[in-house]
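These are the residues of each chain, in order.
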Amino acid sequence: MTVLEPPGVAVREGDYGAKVTAVEPGGVEFIPLADRHGTPRQLLWTWMSPNLEFATIFLGVLAVAAFGLSFWQAVLAVTVGTGLGALSHGVLSARGPAAGVPQMVLGRLPFGYWGNLLPSAFNTVAAGIGWFAVNSVSGALALNTLTGLPAWLCLVVVVAAMVVLGFFGHNLVQAFERYAFPVLAVIFLVASVIILTRADPGFAGSGGGLGGFLLTVGATFGYAAGWNPYAADYTRYLPPDAGKRAVGLAAGLGVFVPCVLLEVVGAASVTIGGDALGQPTTAFTSHLPGLIAGLTLLAIALGAVSANALNVYSGAMSLLTMGVRLPLTMRRALTAVACGVVGFVVALTGLQDAGHKYESFLLVISYWIGPWLAVVLTDQYLRRGEVPLARLYDRSHRSPAGPIAMLVGVVLSVWLFCNQELYVGLVPSRFPAVGDITFEAGFLIAGVVYVALKPLRR
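If you check an unreviewed UniProt entry, the protein appears there as Purine-cytosine permease family protein from Sphaerisporangium dianthi. Looking at the protein in UniProt, the text filed under Sequence similarities (unreviewed entry) is "Belongs to the purine-cytosine permease (2.A.39) family." According to UniProt, the comment filed for the protein under the heading Subcellular location (unreviewed entry) is "Membrane".

## Quick word on the overall build of the protein
Within the protein, the secondary structure is distributed over 18 helices and zero strands. The globule rule puts the C-alpha radius of gyration for 458 residues at 23 Å, and the 21 Å found for the protein is close to it. If you line up the protein on its principal axes, its C-alpha atoms span 60 × 50 × 35 Å. Counting over 458 residues, the protein shows a buried share of 59%. Considering only contacts within the protein whose residues lie at least 6 apart along the sequence, 85% involve residues at least 24 apart. Of the roughly 16600 Å² of accessible surface on the protein, a fraction of 72% belongs to carbon and sulfur atoms.

## Here we look at helix 2 (residues 54-66)
Turn by turn, an α-helix covers 3.6 residues, leaving residues three or four places apart pointing in a common direction. Of all the bends in helix 2, the greatest, near 25°, is centred on Gly60. Along helix 2, 11 of the 13 residues are buried, which leaves the element largely enclosed by surrounding structure. Among the residues of helix 2, Phe54, Ala55, Thr56, Ile57, Phe58, Leu59, Gly60, Val61, Leu62, Ala63 and Val64 are the ones counted as buried. Gly68 sits one or two residues past helix 2 and shows a positive phi near 75°.

## Section: a nonpolar patch on the surface
A cluster of nonpolar side chains, namely Leu412, Trp415, Leu422, Tyr423 and Leu426, defines an oily patch on the protein surface of about 520 Å² accessible area. With respect to the helices and strands, Trp415 occurs in helix 16 (residues 401-417). Overall, the relative accessible area of 45% leaves Trp415 in the partly exposed class.

## With respect to the pattern of salt bridges
Using the criterion set out here, one finds four salt bridges in the structure. The salt bridge involving Lys19 is made with Asp15; its shortest N-O contact spans 3.3 Å. A relative accessible area of 59% places Asp15 in the exposed class. The salt bridge involving Arg236 is made with Glu24; its shortest N-O contact spans 3.2 Å. With a gap of 212 residues between them, Arg236 in the loop between helix 10 (209-225) and helix 11 (244-270) and Glu24 in the segment before helix 1 (43-51) connect regions that are remote in the sequence. Here Arg236 matches Glu24 in class, with each residue buried.

## Brief notes about the nonpolar core
Counting 120 residues, the largest nonpolar core has Trp47, Val101, Phe188, Trp227, Leu288, Trp372 and Leu392 as its most contacted members. Broken down by element, the residue count for this core peaks at 14 residues, all from helix 13 (residues 290-321). Not counting residues within four places of it along the chain, the set of residues in contact with Phe188 comprises Leu52, Glu53, Ile57, Leu262, Thr296, Ala299 and Ile300.

## Remarks on the environment of Ala301
As for its placement among the helices and strands, Ala301 is situated in helix 13. With relative accessibility at 7%, the residue Ala301 sits in the buried group. Considering only alpha carbons, one finds Ala301 and Ser136, 165 residues apart in sequence, at a separation of 8.4 Å. Those residues in contact with Ala301 that sit more than four places away from it in its chain are Gly139 and Ala142.

## A closer look at the side chain of Ser93
Relative to the helices and strands, Ser93 is located in helix 3 (residues 71-93). In contact with Ser93, not counting residues within four places along its chain, are Ala231, Thr235, Val247 and Ala251.

## Thoughts on helix 11
In a regular helix each residue adds 1.5 Å, so 27 residues correspond to 39 Å; helix 11 covers 40 Å between its end C-alpha atoms and thus fits that length. Here helix 11 lies mainly inside the structure; 19 of its 27 residues are buried.

## Section: the environment of Phe181
Relative to the helices and strands, Phe181 resides in helix 9 (residues 170-198). Phe181 sits in the partly exposed class, given a relative accessible area of 25%. As a C-alpha pair, Phe181 and Val434 span 253 residues in sequence and 39 Å in three-dimensional space.

## Digging into the packing of aromatic side chains
Given two aromatic rings, their pairing is described by the distance between the two centres and the angle made by the two planes. Under the definition given, this model contains 13 aromatic pairs. For the pair Phe54 and Phe284, a centre-to-centre distance of 5.9 Å together with 65° between the ring planes defines the contact as edge-to-face. Here Phe54 is found in helix 2, whereas its partner Phe284 is found in helix 12 (residues 280-285), with 230 residues between them in sequence. Just as Phe54 is buried, Phe284 falls in that class too. Here Tyr113 and Trp114 contribute two aromatic rings whose centre-to-centre distance is 5.0 Å and whose plane-to-plane angle is 75°, an arrangement assigned as edge-to-face. Residue class for Trp114 comes out partly exposed when judged on its relative accessible area of 36%. Ring pairs connect the aromatic residues Trp47, Trp227, Tyr230, Tyr234 and Tyr313, which therefore count as one cluster. In this arrangement the basic side chain of Arg36 is found over the ring face of Phe30, its NZ or CZ atom lying 5.3 Å from the centre. Taking the ring centre of Tyr450 as reference, the NZ or CZ of Arg457 above it sits at 5.5 Å.

## Some words on the packing of helix 3 against helix 10
Contact geometry for helix 3 and helix 10: axes closest at 7 Å, N-to-C directions at 35°. By crossing handedness, the relation of helix 3 to helix 10 is classed as right-handed. Mapping the contact onto sequence places Gln73, Leu76, Ala77, Val78, Val80, Gly81, Thr82, Leu84, Gly85 and Ala86 in helix 3 and Phe213, Thr216, Val217, Thr220, Phe221, Ala224 and Ala225 in helix 10. A per-class count over the contact of helix 3 with helix 10 returns 11 nonpolar, six polar and no charged.

Here is what the cut-offs are and how they apply
- Residues numbered from 1 in each chain as written.
- Predicted model: local features only at pLDDT ≥ 70, side-chain atom pairs only at ≥ 80, totals over all residues.
- Heavy atoms only, no water.
- UniProt positions renumbered as here; feature names shortened; annotations may be inferred.
- Helix = DSSP H or I, 4+ residues; strand = E, 2+ residues; numbered from the N terminus.
- Rg over C-alpha atoms; globule rule 2.2 N^0.38 Å.
- Buried < 20%, exposed > 50% of the residue type's maximum accessible area, 1.4 Å probe, protein only.
- Contact = heavy atoms within 4.5 Å.
- Areas by Shrake-Rupley, 256 points an atom, 1.4 Å probe, with all protein chains shown as cover.
- Bend = angle between axes of the 7 residues up to and from the residue.
- Patch = residues over 30% accessible without salt bridge, like charges linked within 9 Å, V, L, I, M, F, W, Y side chains within 5 Å.
- Salt bridge = Lys/Arg side-chain N within 4 Å of Asp/Glu carboxyl O.
- Core = buried A, V, L, I, M, F, W, Y, C linked by side-chain atoms within 4.5 Å.
- Expected span 1.5 Å × (residues − 1).
- Phe/Tyr/Trp six-rings, centres within 6.5 Å; stacked < 30°, edge-to-face > 60°.
- Lys NZ or Arg CZ within 6 Å of the ring centre and 35° of its normal.
- Axes fitted to C-alpha atoms, helices over the stretch in contact; angles between N-to-C directions.
- Left-handed = near helix turned anticlockwise from the far one by under 90°.
- Nonpolar A, V, L, I, M, F, W, Y, C, P; charged D, E, K, R; others polar.

What follows is the structure in structure tokens.
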């Protein structure tokens with residue numbers, strides 16, 4: 001499609017271009033064509049760097065230590081779950097260059113201007129607060145183990161770095177991910193080789209069965225797809241004629257490759273021994289020689305900063321998409337700081353019993369992303385990829401089908417299939433072996449409902 005700057009489209013003000021140290025102006029407006037820059041290839045490190053972190057490793061740990069899978073069952077489950085999340089990430093990312101707007105703004109098409117408050121609010125909490133807190137905790141614990149400084153002080157250090165990146169915005173975030181990538185890749189590759197050579201690939205697990213397999217698929221999907229609501233945020237600055245296939249492939253592989261690698265390594269580390277759930281960071285690095293263990297702890301802290309640079313940036317985008325009005329050119333930057341402050345407070349509460357809290361968080365993430373993703377992808381297919389740009393900023397645009405389908409998908413799937421400590425759905429309460437298929441059910445239910453509500457789609 002040909003991209004213009006038509007009447008009715010809010011265009012981002014200010015002179016930004018490819019400047020790295022300048023504060024990105026504006027908020028969630030259309031990116032001017034004169035400011036477009038970059039190539040699809042940069043998406044490889046944009047997405048690989050934030051996934052080279054301990055939160056990714058711990059997914060593999062959960063598969064074996066918490067969900068009871070054998071090593072090879074865990075390998076298959078993380079490949080399936082991550083593959084699904086990476087595939088949808090590539091599809092959504094490919095839309096960014098032509099649309100020129102953040103991912104959650106694109107959600108105004110199927111959800112309507114005000115109906116889009118629903119997924120935007122979910123993502124603000126999940127990205128700007130939830131994921132921010134999860135990664136801040138893992139980075140702080142790694143720094144605490146490495147330096148011996150108090151955990152709260154380590155948390156202050158890592159959060160400060162994350163907020164600075166989010167404050168300056170898109171170009172500095174992209175540059176940071178680019179230069180962090182080789183450091184993270186080398187350290188984690190060396191650590192991975194050591195772990196895999198010491199692991200027991202014949203480890204039989206504790207009988208997780210189909211239930212454990214589906215829990216792992218859901219958790220790894222939740223992690224990979226957790227990036228989906230950010231997808232176009234990091235492709236909207238690319239030239240509008242950037243190849244969709246190249247954009248989607250680079251973004252999808254950027255998520256898939258590091259996630260599967262480190263999740264497999266995490267599963268392998270459990271087969272060696274140690275308190276994988278009680279002290280996950282310490283247990284993992286205890287399998288490594290002293291120098292490599294220290295470097296790995298440093299990489300874990302750096303990886304947490306890489307991940308949260310994206311979380312705080314996109315969390316701010318989602319908050320502004322909700323219609324928060326700040327008449328300042330620095331509204332996005334100030335919103336990023338606000339998300340970081342709230343995320344810091346939440347992270348303080350997660351320094352204790354981090355492993356179990358992370359497990360629950362991952363599954364809950366997939367509960368809402370599955371139905372949201374079904375609505376967005378179904379609408380994208382029905383529109384044949386066309387984006388009526390003016391409608392994205394039209395406050396009178398209504399599309400009740402989106403929020404209704406998402407709510408029905410979330411409520412019915414959780415009621416029937418949720419398998420959490422606080423609530424067990426009707427199906428797993430009677431058939432425990434089923435595990436947790438909430439995200440799969442939510443995706444299918446929401447997609448079917450959205451198609452059925454044709455009279456309410458706009």
